[in-house]
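Take a look at the letters that make up each chain.
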Amino acid sequence: MSGRFVRKSHFRHVFGQAAKKENCYFDIKLSTYGDGHHLAASDKYIIFSTGGGGGPCCVLPYGKVGRIGLSAPKLNVHTSKVQDYAFSNFDSKVVATASEDCMVGVSVLPDDPSTFTGEPTTSTLLEGHQKKVDFVKWHPSAQGILSSVAHDGCVKLWDVEESKEAKEFDLGAVATCLEWNTDGSLAAAACANKKSVIWDPRTDKAAFNFKQDFSNAKNIFHDNVGLFGVGGSKMGCHEYHLYDLKKLSEPVTEFEVDDSAGMMLCNYDPDTKMLYIGCKGGSQIKYFELTSKGEMHKLSLHNIGKGIKGFYYLPKLMCDWKKCMISKSLLLFRDFIQPVDFIVPRKSQLFAKDLYPAAYAGVPALAGAEWLSGENKAPVTRSMDPKKQDEAVGGVKIQTKADLIAENKQLKEKIKELEAKVAGLSK
């Protein structure tokens, strides 16, 4: 009887609940380029590449399900295909795009998604790469800091507020992913030469450069369990390896995920310590629970029934706690997008505080200039408890250049009013 026990976990019975057809975005015209997830979303918009001249991206209002067709509005700020996209962590209407025209685009979409007809409110092209841009990624806690990596292995750090390049780092090989750690003090990239590089983007020297076993790997920082993950295809199957950054000579754990050969898709939820793994062309999403001991416990899987092109996981604050929803995702297929919610089965309608630690709040912890000068701060979090929704979440109030221009204009108008009053009194 000593070996017959069940490991205690809140998430052993998590299941995926897929939306019915009428609650999907169907009849989409999809084009897939590059090695990214082919899809990005915020609480206001969904974006993916579509066919046409230049680099058109179909932009949909989030939540407006049904038939999309050819009439969907398109964002087209590039002259060639768009390979990757990323919405700002702090402003759900700001999206960055990576293109084959060697440019990084930053577009501001309307506050009201229903009013978007194809023209962004403002759009900026950041020039500097010499090869096509493969990935873009926003800093997790600093305002206005964006990273990008091109096909020549050149990583650039952009100060978006100033529309200029801040730093550059050479990986020495083509990157297959680009990631930040939790507080943005480190970045990581897996390379096609079967190496992973970890560095502080404010410096020119790699902190860690180690050999791993995958030519098309994906990296993830598992900071809250003190580990670093590398996953990919090896010998005709998918494996996921966990490393201790203090000893990178060999992995702490090597886990065989499945026998698929498609490019691995990964998403890590630090709140639940759950890792979701799928693959392009695969029909399953498997999920695992990680521990600080380097253990990777398989929980269950979500059967899809047909091959996916990519997936995207939405911010935790969008989850419905009344349903005990711990994760909200969008699965991308050839001609439709299907929402899938991951739920812990519970009968109680009360807030389950054991399922919902403080979640990423979506507000900056520091200004971009502060981070560039060497300061680090953990992301701002907030409680999902409905009784604590009015509590202050902290962070900093960041004034952008546009905010300062608007404030200056208001002050000038106020000065004119006061001058007019003084002139009236002197008569």
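Residues numbered from 1 in each chain as written. Predicted model: local features only at pLDDT ≥ 70, side-chain atom pairs only at ≥ 80, totals over all residues. Heavy atoms only, no water.

Student: Looking at this structure, I do not really get the overall build of the protein. What am I missing?
Tutor: Each helix and strand counted, the protein has 2 helices and 32 strands in total. The C-alpha radius of gyration of the protein comes to 23 Å, within 12% of the 22 Å expected for a compact globule of 427 residues. Overall, the C-alpha framework of the protein stretches about 100 × 55 × 45 Å when taken along its three principal axes. Burial statistics for the protein: of 427 residues in total, 51% are counted as buried. (Helix = DSSP H or I, 4+ residues; strand = E, 2+ residues; numbered from the N terminus. Rg over C-alpha atoms; globule rule 2.2 N^0.38 Å. Buried < 20%, exposed > 50% of the residue type's maximum accessible area, 1.4 Å probe, protein only.)

Student: Please explain the sheet that holds strand β25 (residues 274–279) as it appears in this structure.
Tutor: Two orientations exist for strands paired in a sheet by backbone hydrogen bonds: parallel and antiparallel. Taken in spatial order, the 4 strands make up an open sheet running β24-β25-β26-β27, and their pairing is antiparallel. One side of each edge strand has no neighbouring strand; the edge strands of this open sheet are β24 (264–269) and β27 (296–303). Neighbour-to-neighbour, the strand axes of the sheet open up by a mean angle of 20 degrees, direction not taken into account. Two strands pair when backbone bridges link them, and β24 and β25 are joined in this way by 6 bridges, in the antiparallel orientation. Looking across to β25, one finds that leucine 265 is bridged to glycine 278. (Pairing = 2+ DSSP bridges. Axes fitted to C-alpha atoms, helices over the stretch in contact; angles between N-to-C directions.)

Student: Before we go on, may I ask you to explain the pattern of salt bridges in this structure?
Tutor: Side chains that carry opposite charge are capable of pairing whenever their charged atoms lie near each other. Following the criterion strictly, the structure yields 16 salt bridges and no others. Two residues, aspartate 200 and arginine 202, come together in a salt bridge whose shortest N-O distance is 3.0 Å. Neither residue differs from the other here; aspartate 200 and arginine 202 are each classed as buried. Each of Lys44, Asp91, Lys93 and Asp111 takes part in one network of salt bridges that share partners. (Salt bridge = Lys/Arg side-chain N within 4 Å of Asp/Glu carboxyl O.)

Student: Hey, could you run me through unusual backbone geometry in this one?
Tutor: Most peptide bonds adopt trans geometry, and most residues besides glycine take a negative phi value. If you check the backbone angles, cysteine 102 has positive phi at about 75 degrees while not being a glycine. Inspection of the secondary structure assignment puts cysteine 102 in the loop between β9 (94–99) and β10 (103–108).

Student: Before we go on, may I ask you to explain the sheet that holds strand β5 (residues 57–61) in this structure?
Tutor: Pairing in this open sheet of 4 strands is antiparallel, and the strands run β3-β4-β5-β7 from one edge to the other. What marks the edges here is a single partner per strand, and that holds for β3 (40–41) and β7 (74–75). Note that β3 and strand β4 (residues 45–49) share 2 bridges and pair antiparallel. Note that in β4 the partner of alanine 41 across the bridge is isoleucine 46.

Student: Would you explain the pairing of strand β21 (residues 227–234) in this entry?
Tutor: Residues in a regular strand project their side chains so that they alternate between the two faces of the sheet. For β21, the tally of buried residues reaches 6 of 8 residues, placing the bulk of the element in the interior. In this structure, the hairpin formed by strand β20 (residues 218–222) and β21 is closed by a connection of 4 residues, where glycine 226 is found at a positive phi of approximately 70 degrees. Relative to strand β22 (residues 237–243), β21 runs antiparallel, the two being bridged by 7 bridges. Each residue of the ladder has a partner; that of glycine 229, found in β22, is leucine 242. Between the end of β21 and the start of β22, which pair antiparallel, lie 2 residues, with methionine 235 showing a positive phi angle near 55 degrees.

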